[in-house]
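Architecture at a glance
Given next are the chains, with one letter for each unit.
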Protein chains: 2
Amino acid sequence: MKPRELSIEDCTALLSTSRYGRLALSLNDSPYVIPMSYVFSAGKIFLHSRGGGKKDEIASQNPRVCFEVDRMEKNQWSSVVVYGKASLSTDLKAKMRMFESFMGKDMKGHAGKQFSPEDLERMPMTVWEIEVLEMTGREGVW
Amino acid sequence: MKPRELSIEDCTALLSTSRYGRLALSLNDSPYVIPMSYVFSAGKIFLHSRGGGKKDEIASQNPRVCFEVDRMEKNQWSSVVVYGKASLSTDLKAKMRMFESFMGKDMKGHAGKQFSPEDLERMPMTVWEIEVLEMTGREGVW
């Protein structure tokens, strides 16, 4: 059966309710994809990394990203593909924006800990804010 | 907690037991990632597509791919990232190789139907055989 296109509302609903996606990057036309936890908040996708890894190196050279989220239920699948531009930051303000987004979603990550600005400042963390440039979604039966 | 590297044996085990992965491609350093069902058989990753879609167009111009498979169990995750080279074909022989791989895995796709060579020949399908060039895996706690 041919897949069906999802509406923007359905794409947004899937992005808003999932917790894990896959981030694709590219350098010299060599693609790279890894799983990442995320939050979709205020129209942006927030990720975080330890910094200094392969994904950080690639994104600092080529900020174009593709982020994919999917859901499988029995033989039904749906997926959203976002084309975006990543901004990486180690600023305290970016860390606070990210933590507020994660906390707002009650993600229960990091064992539910609360962090003070001082904790965040010390935390070796890179915040990724992905601006959504285009979004498509599909659903179908496997 | 810092993620731990997986051994080649663990990577192969995860690849062999999963049914869905995410395929990343790139054209002009613009990455693209989509979910795909697959089979890992005889050291290759087999996928199939209807042909003529965006992924087919990209891969025919740039065969470098990255294929990712992951597993989440409670707060434990593991993932394998494969760097490979895709060969696309609509040959009957390639279709037969792919169907044999899928059938060997008892995938129960396509409602468990059996197909004759005549059925396969008529089927509008592109077979993707991904040669594994490099493989890495990690596991950790979220």
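Here's what I pulled together on the structure shown here. (Residues numbered from 1 in each chain as written. Chains lettered and ligands numbered in written order. Predicted model: local features only at pLDDT ≥ 70, side-chain atom pairs only at ≥ 80, totals over all residues. Heavy atoms only, no water.)

With that settled, consider the overall build of chain A. Summing up its helical and strand segments, chain A has 4 helices and 8 strands in all. Moving toward the C terminus, one meets the helices and strands of chain A in the order β-α-β-β-β-β-α-β-β-α-α-β. Taking 142 residues into account, the globule formula puts the C-alpha radius of gyration at 14 Å, and chain A, at 16 Å, falls close to it. With the C-alpha coordinates of chain A rotated into their principal frame, the extents come out at 55 × 40 × 25 Å. Expressed as a percentage of its 142 residues, the buried residues of chain A come to 46%. Long-range contacts, defined as pairs at least 24 residues apart, comprise 72% of the intrachain contacts of chain A with a sequence gap of at least 6. On chain A, roughly 7400 Å² of surface is accessible, and the fraction owed to carbon and sulfur atoms is 50%. (Helix = DSSP H or I, 4+ residues; strand = E, 2+ residues; numbered from the N terminus. Rg over C-alpha atoms; globule rule 2.2 N^0.38 Å. Buried < 20%, exposed > 50% of the residue type's maximum accessible area, 1.4 Å probe, protein only. Contact = heavy atoms within 4.5 Å. Areas by Shrake-Rupley, 256 points an atom, 1.4 Å probe, with all protein chains shown as cover.)

Attention now goes to the environment of Phe40 of chain B. All names here are of chain B. Considering the arrangement of structural elements, one finds Phe40 in strand E4 (residues 39–41). In this structure Phe40 comes out as buried when scored by relative accessible area, which is 10%. Spatially, the C-alpha atom of Phe40 lies 10.0 Å from that of Ala13, the residues being 27 residues apart in sequence.

Enumeration over the complete set of coordinates arrives at 14 salt bridges over all chains. With a closest N to O distance of 3.1 Å, Asp119 of chain A and Arg122 of chain A form a salt bridge. Of the two residues, Asp119 of chain A and Arg122 of chain A both sit in helix H4 (residues 117–122), 3 residues apart, roughly one turn of that helix. Taking the relative accessible area as the measure of exposure, Asp119 of chain A reaches 27% and is therefore partly exposed. Across the salt bridge formed by Glu129 of chain B and Lys44 of chain B, the nearest N and O atoms sit 3.4 Å from each other. Of this pair, Glu129 of chain B sits in strand E8 (residues 126–141) while Lys44 of chain B sits in strand E5 (residues 44–49), and the two are 85 residues apart along the sequence. For Glu129 of chain B, a relative accessible area of 8% puts it in the buried group. (Salt bridge = Lys/Arg side-chain N within 4 Å of Asp/Glu carboxyl O.)

For the rest of this paragraph, the subject is the nonpolar core. With 58 residues, the main nonpolar core has Leu23, Leu47 and Phe67 of chain A together with Leu23, Leu47 and Phe67 of chain B as its most contacted residues. Setting aside anything within four residues of it in sequence, one finds Phe67 of chain B in contact with Val33 of chain A together with Gly21, Arg22, Leu23, Met36, Tyr38, Ile45, Leu47, Val80, Val81 and Val82 of chain B. (Core = buried A, V, L, I, M, F, W, Y, C linked by side-chain atoms within 4.5 Å.)

Attention now moves to helix H3 (residues 92–104) of chain B. In an α-helix, one turn spans 3.6 residues, which is why side chains three or four residues apart end up on the same side. Residue and element names in this part refer to chain B. Between its first and last C-alpha, H3 extends 18 Å over 13 residues, near the 18 Å set by a 1.5 Å rise per residue. When H3 is considered as a whole, its buried residues turn out to be Ala94, Lys95, Met98, Phe99, Ser101 and Phe102. One side of H3 carries all its buried residues, which in axial view fall inside an arc of 160 degrees. Opposite the buried face of H3, by more than 90 degrees, sit the exposed residues Lys93, Glu100 and Gly104. Those residues of H3 that are buried lie in contact with strand E3 (30–37), E4, E5, strand E7 (76–89), helix H4 (117–122) and E8. (Expected span 1.5 Å × (residues − 1). Arc of directions from axis to C-beta.)

It is worth spelling out the environment of Glu129 of chain A at this point. All names here are of chain A. For Glu129 and Leu23, which are 106 residues apart along the polypeptide, the C-alpha to C-alpha distance reads 12 Å. Setting aside anything within four residues of it in sequence, one finds Glu129 in contact with Lys44, Ile45, Phe46, Lys85, Ala86, Ser87, Ala94 and Arg97. A distance of 3.4 Å separates a polar atom in the side chain of Glu129 from a polar atom in the side chain of Lys44. A polar contact of 2.6 Å, which involves the side chain of Glu129, links it to the side chain of Arg97. (Polar contact = N/O pair within 3.5 Å; in protein donor to acceptor, adjacent residues only side chain to side chain.)

The relation between the two chain copies is a rotation about an axis coupled with a shift along that axis. With an RMSD of 0.0 Å, chain B superimposes on chain A once it is rotated by 180 degrees and translated 0.0 Å along the axis. Expressed as an axis order, the relation between the two copies is that of a two-fold axis. Looking at the rotation axis and the C-alpha trace of chain B, the residue lying nearest is Asp29 of chain B, at 2.4 Å. Interface residue correspondence from chain B to chain A reaches 97%, placing this contact among same-surface, isologous pairings. (Least-squares fit on C-alpha atoms with pLDDT ≥ 70 in both.)

This brings us to the interface of chain B and chain A. If you look at the interface, chain B gives 36 residues, while chain A gives 35 residues. Both faces combined, the contact of chain B with chain A buries some 3000 Å², and carbon together with sulfur accounts for 59% of it. The largest share of the area that chain B buries against chain A comes from Asp29, Pro31 and Trp142 of chain B, three residues that together contribute 25% of it. Linking chain B with chain A are 4 salt bridges. Across the contact surface, chain B and chain A share 16 residue pairs in polar contact (both at pLDDT 80 or more). Where the side of chain B that touches chain A is concerned, the elements lending two or more residues are strand E2 (20–27), E3, strand E6 (64–73) and E7 of chain B. (Buried area = accessible area lost by both parts, 1.4 Å probe.)

Turning our eyes to something else, we now look at the side chain of Ser49 of chain A. All names here are of chain A. Here Ser49 is to be found in strand E5 (residues 44–49). According to the relative accessible area criterion, Ser49 is buried, its value standing at 6%. At 2.9 Å, the side chain of Ser49 and the side chain of Trp128 are in polar contact. Apart from the residues lying within four places of it in its own chain, the contact partners of Ser49 are Lys55, Asp56, Pro124, Met125, Thr126 and Trp128.

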